[in-house]
Amino acid sequence: MDSTMKRKSLITSDILKYALGQSFVKLNPLIMIKNPVMFVVELGTFIVLLLTLFPSVFGAEANFGFNLTVFIVLLFTVLFANFAEAIAEGRGKAQANALKQTKSDVTANKVQPGGGVKQVPATELRKGDVVVVAMGEMIPGDGEVIAGLATVDESAITGESAPVMKEAGGDFSSVTGGTRVVSDQIKVRITNDPGESFLDRMISLVEGAERQKTPNEIALNILLITLTVIFLIVVMTLAPIAKYVGVDLEIPVLISLLVCLIPTTIGGLLSAIGIAGMDRVTQYNVLAMSGKAVEAAGDINTMILDKTGTITFGNRMASDIVPVGKATVEEVSQWAAVSSMQDETPEGRSVLEWVRKEGYTFDDKIARNAEFIDFKAETRMSGADLTNGWKVRKGAIDAVKQWVLDQGGVIPADLTDKGNKIASEGGTPLAVAVNDRLLGIIYLKDTVKPGMRERFEQLRRMGIKTIMCTGDNPLTAATIAREAGVDDFIAESKPEDKIAVIRKEQAEGKLVAMTGDGTNDAPALAQADVGLAMNSGTIAAKEAANMVDLDSDPSKIIEVVSIGKQLLMTRGALTTFSVANDVAKYFAIIPAMFMLAIPEMHVLNVMGLGSPMSAILSALIFNAIIIPLLIPLAMKGVAYRPMSASKLLSRNLLIYGLGGVIAPFIGIKVIDLFVHIWI
Amino acid sequence: MNWGMDLLQIVIVIGLLLLIVKPLGTYIYHIFSNEPNRSDRIFGPVEKGIFWLIGLKNRGDMSWKRYALSLLLTNLVLTLVGFGILLTQRWLPLNPNGIDNMEPTLSFNTIISFMTNTNLQHYSGESGLSYFSQMIVIMMMMFTSAATGIVVAIAFIRGLTKKGTGLGNFFTDFVKAHTRLLIPMAIVMTLVLVGLQVPQTLDATVQAHTVTGETQQIAIGPVASLESIKHLGTNGGGFFGANSSHPFENPNPLTNVLEILMMWCIPASLTYTYGRFARNQKQGWIVFAVMSILFAAFLSLVYVSETNGNPVLNTIGADTSQGSMEGKEARFGIAQSALFTTVTTSATTGTVNNMHDTLTPLGGLVPMSLMMLNVVFGGDGVGLVNMLMYAILAVFLAGLMVGRTPEFLGRKIEPHEMKLIAIAILVHPLIILGPTAIAFLTDLGSGAITNPGFHGISQVLYEYTSSAANNGSGFEGLADNTPFWNMTTGIVMFLGRYVSIVALLGVAGSLVRKKWVPETIGTFRTDNKLFAGVLLGTVILIGALTFLPVLVLGPIAEFLTLG
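(A) Inspection of the overall build of chain B at higher detail. Check the secondary structure of chain B and you find 20 helices and four strands. Taking 2.2 N^0.38 as the reference for a compact globule, 563 residues should give roughly 24 Å; the C-alpha atoms of chain B span a radius of gyration of 23 Å, in line with that estimate. Taking the principal axes of the C-alpha coordinates as reference, chain B spans close to 75 × 55 × 50 Å. By the burial criterion, 65% of the 563 residues in chain B qualify as buried. When the accessible area of chain B is evaluated, it comes to approximately 19200 Å², of which 67% is carbon and sulfur surface. Here chain B contributes 30 positively and 30 negatively charged side chains, and the mean placements of these two sets differ by 22 Å.

(B) Spotlight on the overall build of chain A. A count of helical and extended segments in chain A gives 22 helices and 20 strands. What you see for chain A is a C-alpha radius of gyration of 34 Å, clearly larger than the 26 Å of a compact globule of 679 residues, by over 25%. Taken along the three principal axes of its C-alpha coordinates, chain A extends 120 × 65 × 45 Å. By the burial criterion, 56% of the 679 residues in chain A qualify as buried. The long-range fraction of contacts in chain A, counting pairs at least 24 apart against all pairs at least 6 apart in sequence, stands at 69%. A total of about 27700 Å² of accessible surface is found on chain A, and carbon and sulfur atoms cover 58% of it.

(C) The arrangement of the pattern of salt bridges in detail. The full count for this structure, using the stated rule, is 34 salt bridges over all chains. In this structure, A:D414 engages A:K418 in a salt bridge whose closest nitrogen and oxygen atoms are separated by 3.1 Å. The exposure class assigned to A:D414 is partly exposed, which follows from its relative accessible area of 25%. Accessibility expressed as a relative area gives 29% for A:K418, which makes it partly exposed. Of the charged contacts, one joins B:R525 and B:D527 as a salt bridge, the two residues approaching to 3.2 Å between their closest N and O atoms. Residue classification places B:R525 among the partly exposed residues on the basis of a relative accessible area of 33%. By relative accessible area, B:D527 is classed as buried at 7%. Each member of the salt-bridge network shares a partner with another, and the members are A:K465, A:K504, A:E505, A:E508 and A:K510.

(D) Here's a closer look at helix α7 (residues 215-244) of chain A. Residue and element names in this part refer to chain A. The end-to-end C-alpha separation of α7 is 45 Å, in line with the 44 Å expected for 30 residues at 1.5 Å each. The largest bend in α7 comes to about 35°, at L238, with the proline P240 one to four residues further on. With 21 of 30 residues buried, α7 lies mostly within the body of the structure. With its phi angle positive at about 80°, G246 sits one or two positions after the end of α7.

(E) Structural context of the nonpolar core. The biggest cluster of nonpolar side chains holds 319 residues, and the ones touching the most others in it are A:M547, A:F594 and B:F408. Counting residues per element, this core draws most heavily on helix α20 (residues 557-594) of chain A, which supplies 20 residues. Sequence-distant contacts of B:F408, defined by excluding residues within four places in its chain, comprise B:L160, B:Y274, B:L388, B:A391, B:I392, B:V395, B:I413 and B:T526. Judged by nonpolar contacts, the second largest core, of 23 residues, contains A:A336, A:A384, A:V432 and A:I442.

(F) Representation of the interface of chain A and chain B. With 61 residues of chain A at the contact, the number on the chain B side is 60 residues. Where chain A abuts chain B, roughly 5100 Å² becomes buried across the two surfaces, and 79% of that area is made up of carbon and sulfur atoms. When the area that chain A buries against chain B is broken down by residue, the three leading residues are A:I241, A:Y244 and A:L649, summing to 13%. At the boundary of chain A and chain B, one finds one salt bridge. The shortest N-O distance in the salt bridge between A:D299 and B:K412 comes to 3.6 Å. On the surface where chain A and chain B come into contact, there are five residue pairs in polar contact (both at pLDDT 80 or more). Mapped by element, the contributors of at least two residues to the side of chain A that touches chain B are α7, α15 (452-462), α20 and α22 (645-678) of chain A.

(G) How the structure looks around the packing of helix α14 (residues 382-400) of chain B against helix α15 (residues 415-441) of chain B. All names here are of chain B. Here α14 crosses α15 at 125°, and the two axes come no closer than 11 Å. Between α14 and α15, the crossing angle belongs to the class labelled oblique. Where α14 crosses over α15, the handedness of that crossing is left-handed. Contact with α14, carried on its side by M389, Y390, I392, L393 and F396, involves M418, I421, A424 and I425 of α15 and no other residues of that element. Here the contact of α14 with α15 is built from residues that sort into nine nonpolar, no polar and no charged.

(H) Examining the packing of aromatic side chains more closely. By the definition in use, this model includes 22 aromatic pairs over all chains. Summarising the aromatic geometry, the rings of B:F288 and B:F377 are spaced 5.8 Å apart at their centres and angled 70° between planes, so their arrangement reads as edge-to-face. With B:F288 in helix α10 (residues 281-308) and B:F377 in the loop between α13 (361-373) and α14, this pair connects stretches of sequence that are 89 residues apart. An aromatic cluster is built from B:W264, B:Y272, B:W285, B:F288, B:F295 and B:F377, whose rings are joined through pairwise contacts. Over the ring of A:Y443 we find A:K445; its NZ or CZ atom is 5.8 Å from the centre of that ring. A cation over a ring is seen here: B:K163 above B:W516, with NZ or CZ 4.6 Å from the ring centre.

(I) Focus on the confidence of the model for chain A. Residues and elements named next belong to chain A. Of the residues in chain A, 94% reach a pLDDT of 70 or more, and the chain-wide mean stands at 84. The lowest-confidence element of chain A is helix α5 (residues 155-158), averaging 68 in pLDDT; the highest-confidence one is helix α3 (residues 36-53), averaging 94. Counting contacts from residues 1-8, a segment whose pLDDT is below 50, to residues more than four positions away or on other chains yields 18 contacts.

(J) The confidence of the model for chain B, seen in detail. The pLDDT averaged across chain B works out to 90; a share of 99% of its residues lies at or above 70. Interface confidence for the predicted complex, expressed as ipTM, amounts to 0.92; the pTM equals 0.85.

(K) Structural detail: the sheet that holds strand β18 (residues 512-516) of chain A. All names here are of chain A. Strand order in this open sheet of seven strands is β8-β20-β19-β18-β9-β16-β17, and the pairing throughout is mixed. Lying at the two open borders of the sheet, with one neighbouring strand each, are β8 (286-288) and β17 (488-490). With strand direction ignored, the average angle separating the axes of adjacent strands in the sheet is 20°. Pairing of strand β19 (residues 530-534) with strand β20 (residues 547-549) involves three bridges; the strand directions are parallel. In the strand pairing of β20, L532 is matched with M547. Those strands touched by helix α16 (residues 474-484) are β16 (465-469) and β17, and its axis lies near 150° from that of β17.

(L) Layout of the side chain of B:K514. Residues and elements named next belong to chain B. Here K514 is to be found in the loop between α18 (483-512) and α19 (529-544). A distance of 2.9 Å separates the side chain of K514 from the backbone oxygen of K412, its partner in a polar contact. Within polar-contact distance, the side chain of K514 engages the side chain of E417 at 2.8 Å. Ignoring sequence-local partners within four residues, the contact set of K514 consists of R411, K412, E414 and E417.

(M) A look at empty space enclosed by the protein. Residue and element names in this part refer to chain B. Taken as a whole and judged by the stated rule, the model has seven cavities of 30 Å³ or more. The calculated volume of the largest cavity comes to roughly 300 Å³. Around the largest cavity sit 28 residues that line it, and N374, N386, A424, H428 and S500 are the ones nearest its centre. When residues of the lining of the largest cavity are traced back to their parent elements, those giving at least two are α13, α14, α15, α18 and α19. Sort the elements by how many residues they give to the lining of the largest cavity and α15 lands first, with six residues.

Conventions and cut-offs
Residues numbered from 1 in each chain as written. Chains lettered and ligands numbered in written order. Predicted model: local features only at pLDDT ≥ 70, side-chain atom pairs only at ≥ 80, totals over all residues. Heavy atoms only, no water. Helix = DSSP H or I, 4+ residues; strand = E, 2+ residues; numbered from the N terminus. Rg over C-alpha atoms; globule rule 2.2 N^0.38 Å. Buried < 20%, exposed > 50% of the residue type's maximum accessible area, 1.4 Å probe, protein only. Areas by Shrake-Rupley, 256 points an atom, 1.4 Å probe, with all protein chains shown as cover. Lys, Arg positive; Asp, Glu negative; His and termini not counted. Charge placed at Lys NZ, Arg CZ, Asp CG, Glu CD. Contact = heavy atoms within 4.5 Å. Salt bridge = Lys/Arg side-chain N within 4 Å of Asp/Glu carboxyl O. Expected span 1.5 Å × (residues − 1). Bend = angle between axes of the 7 residues up to and from the residue. Core = buried A, V, L, I, M, F, W, Y, C linked by side-chain atoms within 4.5 Å. Buried area = accessible area lost by both parts, 1.4 Å probe. Polar contact = N/O pair within 3.5 Å; in protein donor to acceptor, adjacent residues only side chain to side chain. Axes fitted to C-alpha atoms, helices over the stretch in contact; angles between N-to-C directions. Parallel < 35°, antiparallel > 145°, perpendicular 65-115°, else oblique. Left-handed = near helix turned anticlockwise from the far one by under 90°. Nonpolar A, V, L, I, M, F, W, Y, C, P; charged D, E, K, R; others polar. Phe/Tyr/Trp six-rings, centres within 6.5 Å; stacked < 30°, edge-to-face > 60°. Lys NZ or Arg CZ within 6 Å of the ring centre and 35° of its normal. pLDDT = per-residue confidence, 0-100. Pairing = 2+ DSSP bridges. 1 Å grid on protein atoms, 1.4 Å probe; cavity = no way out; pocket = protein on both sides within 12 Å on 5 of 7 lines; lining within 4 Å. Points joined across faces, edges and corners; volume = space filled by probe spheres on them.

This is the structure:
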């Protein structure tokens with residue numbers, strides 16, 4: 001995983017430049033109104049500016065220096081929030097620009113109805129057009145290979161440098177625009193109109209152009225707006241009430257109180273958190289079609305995983321050799337190896353590997369100039385006829401048994417039992433024979449990828465149930481399931497079974513995630529709440545899914561779940577932090593507001609802040625600088641380790657809840673020590 | 001001054017409450033679970049008769065909109081009938097003392113006050129209402145408004161805990177709240193109160209001749225029956241102007257304890273009912289625990305503050321060993337007064353056995369804060385609903401921190417619910433702080449203040465807080481029987497009651513239709529201590545911080561500047 005994950009440094013100078021510019025562009029009230037919390041701050045900033053420039057307009061007592069300082073701090077509060085959003089967007093933009101470069105200036109060899117080939121710009125291609133792409137040329141658009149076979153370099157999209165094979169028909173027929181053919185020539189039927197290609201969608205996604213607020217973000221926004229309105233009421237009603245007891249509150253002071261109380265911290269960082277969450281998914285080389293899908297991933301209750309390719313390597317490999325009759329392990333190993341010397345199948349290679357790994361020796365000279373016999377469906381055996389006339393065979397037990405009998409051999413009595421035992425454990429037994437002697441059995445089994453067990457353990461700790469789907473018989477499936485540590489499995493599963501399981505889980509109110517690549521997975525991918533398609537898969541699968549893994553690593557769904565959870569946690573943590581901050585801000589501002597008229601209020605000045613003005617400014621400055629200080633956290637997300645909800649909550653409450661109460665007391669006090677030097 | 005005895009008195013009352021919560025909560029669950037149970041045999045026939053009488057044939061589930069509409073229309077009809085009676089009581093029967101018709105703005109205020117379970121009184125019962133009005137308008141409303149609150153809680157709980165589309169049937173709920181809960185309890189308690197010397201008569205005012213030869217008018221009437229429902233229904237409107245400090249309403253410490261328990265028992269027990277409906281008793285206990293923690297904290301504050309007395313009196317050498325007894329009844333003392341004040345404002349009853357205007361500044365802060373929070377037990381039904389609203393809010397904030405879309409009792413909290421909750425949490429500060437500011441901007445408002453300075457802020461703030469929380473107790477120093485106060489508090493009481501009821505029924509209606517998310521180890525639990533802490537924090541951060549600035553200007557400034 002780490003090799004394909006292209007961790008870019010958090011901020012480059014280009015991004016920084018872009019973000020600084022955008023911080024000012026976003027001051028435009030028409031843009032700002034989309035973020036109501038910050039819009040209120042901007043409005044307050046504007047009013048304080050007016051008061052600073054034309055103190056007489058409001059008949060307010062002019063305290064030019066104080067008002068100007070309040071204005072500057074407020075302006076920075078808004079700029080910091082804009083900067084946070086812009087920097088998150090900037091990273092997406094940088095990625096998009098790199099992608100756009102691959103897109104530009106491609107010419108296509110379009111096949112004319114008459115049969116000739118005409119050069120046209122890629123942008124003129126329409127759905128259904130057929131193009132020819134030769135070695136060294138860029139594929140002009142998304143499509144399906146209809147003739148030929150070629151290797152394609154997809155590194156521009158996937159970051160994976162090894163070229164992949166594409167051929168007509170089957171599950172490896174889809175090609176992506178912007179990738180390069182590195183050998184041979186293919187005919188491709190274009191499947192998208194311009195602007196709708198995979199690359200186009202990817203660009204607009206990483207650019208954030210298509211970003212829509214997710215339901216959770218909307219709900220949180222409603223809460224933030226509500227808090228803002230509540231504090232607006234609090235501050236607006238305070239002036240007439242205070243006036244009754246002879247306390248005159250000036251407008252800049254009231255605006256300072258308002259800005260400190262409304263949740264500017266989370267308000268300023270909210271969209272940055274969302275954009276950065278999507279960005280983190282992209283950095284894992286997963287393309288999420290919407291932020292909603294990423295959040296849904298955090299809510300997943302059930303995960304449906306294909307056995308082959310996801311949980312196991314997908315090919316049966318030798319894991320043991322069992323002698324029968326009077327034969328020894330050494331003997332069986334030797335002949336098993338000899339029979340596999342020219343066997344290019346994964347099973348065959350795994351036999352040689354096993355023998356070497358276990359340290360058994362065999363004489364490879366014996367097989368010199370031997371005639372090798374490939375595996376055939378009719379014979380269900382492969383092997384070699386050696387120059388000394390000996391014949392070696394390995395294959396299905398029945399077939400080898402018959403072959404030995406045909407040569408007049410005797411079958412050892414323990415063969416059937418040992419064969420059945422392997423089959424019952426989910427393995428595949430292959431018999432090994434030399435001439436008329438049946439020597440033993442190669443134990444082939446599908447091997448669970450390393451680390452999968454731990455990952456399923458993690459998922460269990462997150463409260464996610466895993467279901468394995470496999471075409472194997474129930475016995476084999478049970479063995480693999482036990483070995484991998486999945487919670488449940490479906491044996492002999494057909495594509496319809498997957499949909500049935502998804503529907504059943506969903507009927508219980510669960511959210512289901514699955515991965516798939518074939519066309520027959522498409523309906524299930526569409527039905528699942530989170531469908532992760534493999535980039536190597538068919539167009540149909542990619543269309544149906546709401547995420548595509550560019551590295552085609554199905555186990556990556558687990559990372560996506562973590563990112564989804566992290567995204568929600570970051571939002572919750574910063575909201576809690578923001579609201580908890582209000583306690584300290586109250587203790588800074590309230591005594592400061594009333595102290596002149598009611599000197600006894602000084603007992604509430606628990607922080608011992610220097611002067612009323614310095615207290616208000618310190619609270620305001622803390623409120624402003626906390627935004628840029630938290631940008632890295634918003635971008636990276638709060639740390640997430642799989643653990644139970646209760647533990648997770650206690651931990652986050654301690655850091656962001658209690659921390660949110662305490663931090664501003666310290667922060668405001670420290671700032672006051674400096675500010676108080678001047679006022 | 002023996003604080004040990006005081007503590008004992010308080011602990012005994014709280015202990016009695018704890019004994020009541022489970023049986024009463026279970027009983028209320030059985031009333032509204034709509035499953036056959038033993039009480040059907042006694043009440044079934046009566047209810048069938050009532051259903052037949054009111055022509056209620058369709059007793060099926062109602063959508064939240066129909067439920068809310070039925071509730072509003074029923075309340076409207078009752079309001080109009082009562083309004084008519086108050087305006088014409090002079091010509092109606094049962095008026096032996098010849099009491100005149102009520103002034104229109106006062107009638108407006110009074111009828112809304114009683115319909116909304118507030119029972120703010122800008123009149124004095126003995127001189128402003130005929131017996132007919134007391135019994136038909138005031139007492140009837142005391143039953144119907146309490147029943148309204150209770151069925152709202154039940155409908156809300158159903159929304160959180162049941163599957164389907166409806167919240168139950170408003171009319172059957174409303175009738176059953178009367179027949180099985182309020183009426184039987186009120187009858188029993190009336191008899192007990194009569195046994196404890198509370199008058200119950202339709203005779204006119206008694207004339208007494210004092211030893212000095214003067215004649216004295218002693219107001220009496222059907223007091224005991226009003227007293228029982230006044231407390232059971234968390235209503236609070238007194239038969240007499242002096243409310244439960246009047247010796248006929250609350251003659252002795254025993255009746256005092258009974259009245260405390262009567263107003264406390266239903267709001268407290270509903271938390272248990274909620275646990276039953278949620279099929280997880282811990283859910284209910286957590287809510288109860290959070291309410292109790294806040295209760296204990298506020299009770300301690302008022303008790304300590306009243307015991308310490310007035311620092312000014314202390315410095316001039318007056319004997320204050322009894323604590324601050326100004327405005328309190330000698331027969332109750334500090335402990336029973338402090339407990340009564342805390343219960344009546346947490347359960348938003350509004351009945352008083354001492355004058356809250358004369359509480360010490362921090363003592364006066366307690367009833368005000370409890371009404372501002374409006375979630376510590378709260379009025380019949382609505383208190384629980386408000387607390388559950390905060391629970392949803394707490395789940396939303398903290399639930400995000402476990403990395404899942406927040407869910408409460410298996411239901412996802414999404415934008416639609418947040419919008420409705422936003423309305424409910426916005427309205428409370430708006431209708432308290434808005435009118436308070438307006439009152440200070442006009443002479444109509446600030447002119448009513450009898451005690452200027454910081455205490456004046458408390459007087460006005462208290463009046464609107466009490467109205468908004470549908471409590472009804474007054475900082476009685478305010479000269480509030482004027483059209484300005486009658487109209488503004490009337491509007492505040494109305495909005496305080498119905499806006500949040502409708503919004504929260506909407507939340508319930510939306511949640512009931514949601515798919516249940518099964519509970520896993522990754523689910524944020526709402527039935528453990530951790531959640532109790534989160535809920536407490538949410539109530540304090542969102543509910544209390546809102547009011548801190550005005551509280552600082554009112555009671556806290558008064559406290560700081562005193563002595």
